[in-house]
Amino acid sequence: MKRRTSSTIPFGYKLTENNLLEEIPEEQKALNKIIPLIKTRSISLREGATWLEYETGRYLSHMGLKKIADKYE
C-alpha cells in the first residue's frame, strides 16, 4: 500500500478507509498489457485509453495514459 499524495486517485489504485492507496490487480494487469503497445506505437494513446476503459470500466484520458506510459521504462 502507498500513501496518498494528491487529491486524484491514480489509475490502478483505490482508496482504503485509512486513506491509503491499494492496488487493483485487474487494472494493473491491463496497464502492463497496454503500455508496451503504446511504447512501440502499435496503438495510439486514444485507442489505449478506450481499450482500458472497456476492459476495466474505469475512465482514463489519453493524456493521463501518456503520463503513466512516460513513467514506465
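Given the structure is predicted, the values throughout are model-derived calculations rather than measurements. (Residues numbered from 1 in each chain as written. Predicted model: local features only at pLDDT ≥ 70, side-chain atom pairs only at ≥ 80, totals over all residues. Heavy atoms only, no water.)

1. A closer look at the side chain of Thr16
As a reminder of what qualifies: Each helix is a run of H or I in the DSSP string that is no shorter than four residues. Each strand is a run of E no shorter than two, and both are numbered from the N terminus. Accessibility here uses a 1.4 Å probe with only protein chains present; expressed as a share of the type maximum, an area under 20% marks a residue as buried, one over 50% as exposed, and anything in between as partly exposed. Every residue pair with non-hydrogen atoms within 4.5 Å of one another is taken to be in contact.
With respect to the helices, strands and loops of the structure, Thr16 is situated in the loop between strand E2 (13-15) and strand E3 (20-23). By relative accessible area, which is 16% here, Thr16 ends up buried. If near-sequence neighbours (up to four positions away) are discounted, Thr16 is found in contact with Met1 and Glu22.

2. What about the environment of Arg58?
This is how it is decided: Under this definition, polar contacts are N or O atom pairs within 3.5 Å; protein pairs additionally need one hydrogen-donor-capable and one acceptor-capable atom, and for neighbouring residues in sequence, both atoms have to be side-chain atoms.
With respect to the helices and strands, Arg58 occurs in the loop between helix H2 (45-56) and helix H3 (62-71). Residue class for Arg58 comes out partly exposed when judged on its relative accessible area of 22%. Separated by 34 residues in sequence, Arg58 and Ile24 place their C-alpha atoms 11 Å apart. What Arg58 contacts, discounting residues up to four positions off in sequence, is Ile9, Pro10, Phe11, Gly12, Tyr13, Ile24, Glu27, Leu52 and Glu53. Side-chain polar atoms of Arg58 contact the backbone oxygen of Tyr13, separated by 2.9 Å. A distance of 3.0 Å separates polar atoms of two side chains, one belonging to Arg58 and the other to Glu27.

3. Some remarks on the sheet that holds strand E1 (residues 2-3)
Threshold: Pairs of strands are assigned from DSSP output, requiring at least two bridges between the strands.
An order of E1-E3-E2 is seen for the three strands of this open sheet, with the pairing classed as antiparallel. In this open sheet, the two strands that pair with only one neighbour each are E1 and E2. As paired elements, E1 and E3 share two bridges and run antiparallel to each other. When the sheet's bridge partners are listed, Arg3 is paired in E3 with Leu20.

4. Description of the pairing of E3
Looking at chain direction, E2 and E3 are connected through three bridges and run antiparallel. In the sheet register, Tyr13 faces E3, and the bridge partner there is Glu23. Count of turn residues in the E2/E3 antiparallel hairpin: four residues, of which Asn19 carries a positive phi of about 60°.

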